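If you want the building blocks of each chain, they are given just below.
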Amino acid sequence: MSSRGLGVVAGAELTEVVRRAGADHVEPTIAGNLAVRDGTGWRRNEVYAGQRFPSFAILVPGDLPLLTTELGTVRSYFESVLPIVRSVAEPGATIVFGSGTARNAPDGMAGDDALRRFGEVVRTARDVAAANDLRIVVEPLSRAETNVLHTVDATATFLDGAALDGVGVVADLFHIRNEGESFEVLRRHGDRIGHVHLSDPDRRPPGTVDDVWHEFLAAVHDGGYRGAVSLECRWALDAETAEAEIRSALERVRSATATATAPARTATA
């Protein structure tokens, strides 16, 4: 297991369920969960008051089109929401910038223009996050979710081209499999991986569909990543069943990673 442990992406309704199931941390979603609408602005969901988290997901709501909204308005959103995140974040906490609907390029926008504008948006998010002792990582997403940045390799190239220093890439097994990207990219870009999401196909818990996640975690480890891993899965709707599913998934992943990373024993006479 990584040095920062194994967590679960969850909304407020599952936070305590995830903790009871034995996760090392909870990864709250931001838009519409931790940060809730308050008229034309945003306020903190007070369910989270007094808590601290190492990572967060779903940064931008789908109804804020990042590539066509005036950049000052986009900055205002980050300046409103990221202090809310900071109020419940561990120092240096990770913000996963996926938000596929929000970052879609509209019909007629050239690919280069979309990437140039998204670079401006990510730079703005990075700088506002840094001012709040937070760290942005960009998540490649499947084509079904967005038309901008689908692979780890393309995202690393994008970050380099836009000179976005200090921004990592999310390795999410769900999207990597959907895009057919080789796990070798995780070894090649191991120093760029800033966060990891784990699930089976259709966002099922790891180990319920197949065992490809073993190979994925091995590749991430080979690349040098030692940070946190979060399960991003669909769980049962009732809390009791969800808790059992989460506990089982956590146990499977911990068992597999402990075996994979255990030092070899030297035979003795």
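Residues numbered from 1 in each chain as written. Predicted model: local features only at pLDDT ≥ 70, side-chain atom pairs only at ≥ 80, totals over all residues. Heavy atoms only, no water.

**Quick notes on the side chain of Thr-69**
Within the secondary structure layout, Thr-69 lies in the loop between strand E5 (53–56) and helix H2 (71–86). Taking relative accessible area as the criterion, Thr-69 reaches 14% and is therefore assigned buried. Among residues more than four places away in sequence, those in contact with Thr-69 are Leu-64, Val-74 and Arg-117. (Helix = DSSP H or I, 4+ residues; strand = E, 2+ residues; numbered from the N terminus. Buried < 20%, exposed > 50% of the residue type's maximum accessible area, 1.4 Å probe, protein only. Contact = heavy atoms within 4.5 Å.)

**Some words on the pairing of strand E8 (residues 168–172)**
Of all 5 residues that make up E8, 5 are buried, and the element is covered over most of its length. In the sheet, strand E7 (residues 134–138) pairs with E8 via 2 bridges, with the strands oriented parallel. Within E8, the position partnered with Val-138 by the bridge is Val-169. (Pairing = 2+ DSSP bridges.)

**Quick look at the packing of aromatic side chains**
All chains considered together, the criterion is met by 8 aromatic pairs. Ring geometry for Phe-118 versus Phe-158: centroids 5.7 Å apart, planes at 20°, classification stacked. Of this pair, Phe-118 sits in helix H3 (residues 111–131) while Phe-158 sits in helix H4 (residues 152–161), and the two are 40 residues apart along the sequence. The class for Phe-118 is buried, based on a relative accessible area of 0%. Taking relative accessible area as the criterion, Phe-158 reaches 8% and is therefore assigned buried. Linked through ring pairs, Trp-42, Tyr-77, Phe-78, Phe-97, Phe-118 and Phe-158 together constitute an aromatic cluster. (Phe/Tyr/Trp six-rings, centres within 6.5 Å; stacked < 30°, edge-to-face > 60°.)

**Focus: the sheet that holds E5**
One open sheet holds the 8 strands; their spatial order is E2-E1-E10-E9-E8-E7-E6-E5, and the pairing between them is parallel. Every interior strand has two partners, whereas the edge strands, strand E2 (25–28) and E5, have only one. The sheet shows a mean angle of 30° between the axes of neighbouring strands, direction not considered. In the sheet, strand E1 (residues 6–10) pairs with strand E10 (residues 229–231) via 3 bridges, with the strands oriented parallel. (Axes fitted to C-alpha atoms, helices over the stretch in contact; angles between N-to-C directions.)

**A word on the environment of Ala-228**
Looking at where Ala-228 falls in the secondary structure, it is placed in the loop between helix H7 (212–222) and E10. Through-space distance from the C-alpha of Ala-228 to that of His-197 is 8.9 Å; in sequence the pair is 31 residues apart.

**With respect to the packing of H2 against H3**
Running from amino to carboxyl end, H2 crosses H3 at an angle of 35°, the nearest separation of the two axes being 9 Å. For the pair H2 and H3, the sense of crossing is right-handed. Taken together, the residues of H3 that come into contact with H2 (itself represented by Leu-71, Val-74, Arg-75, Phe-78, Glu-79, Leu-82 and Arg-86) are Arg-117, Glu-120, Val-121, Thr-124, Ala-125, Val-128, Ala-129 and Ala-131. When its residues are assigned to classes, the contact of H2 with H3 shows 9 nonpolar, 1 polar and 5 charged. (Left-handed = near helix turned anticlockwise from the far one by under 90°. Nonpolar A, V, L, I, M, F, W, Y, C, P; charged D, E, K, R; others polar.)

**Things to note about the confidence of the model for the protein**
For the protein, the mean per-residue pLDDT works out to 94, and 94% of the residues sit at or above 70. Low pLDDT, under 50, characterises residues 264–269; the stretch is placed with 0 contacts to residues that sit more than four places away or in other chains. (pLDDT = per-residue confidence, 0-100.)

**Examining the side chain of Thr-151**
Looking at the element boundaries, Thr-151 is found in the loop between E7 and H4. Taking relative accessible area as the criterion, Thr-151 reaches 19% and is therefore assigned buried. Residues in contact with Thr-151, not counting those within four places in the same chain, are Pro-140, Glu-179 and Glu-181.

**Some details on the pairing of E2**
The two faces of E2 match: His-25 and Glu-27 on one face and Val-26 and Pro-28 on the other face are all buried. Pairing geometry for E1 and E2, over 4 bridges, is parallel. Bridge pairing in E2 links Val-9 to Glu-27. For the crossover from E1 across helix H1 (residues 15–20) to E2, the handedness is right-handed. (Right-handed = clockwise from strand over helix to strand, strands pointing away.)

**Quick look at unusual backbone geometry**
Negative phi values dominate among residues other than glycine, just as trans dominates among peptide bonds. Phi at Asp-133 is positive, roughly 55°, even though this residue is not glycine. Along the chain, Asp-133 turns up in the loop between H3 and E7. You will see that Asp-202, though not glycine, has its phi angle at about 60°, which is positive. Structurally, Asp-202 is set in the loop between strand E9 (193–198) and H7.

**Considerations on the pattern of salt bridges**
Applying the stated criterion to the full structure yields 18 salt bridges. Between Glu-79 and Arg-75 there is a salt bridge, with the nearest N and O atoms lying 3.7 Å from each other. With Glu-79 and Arg-75 both in helix H2, this residue pair falls 4 residues apart, about one helical turn. Glu-79 gets classed as partly exposed once you look at its relative accessible area, which sits at 43%. Across the pair Asp-222 and Arg-187 runs a salt bridge, and its minimum N-O distance is 3.0 Å. (Salt bridge = Lys/Arg side-chain N within 4 Å of Asp/Glu carboxyl O.)

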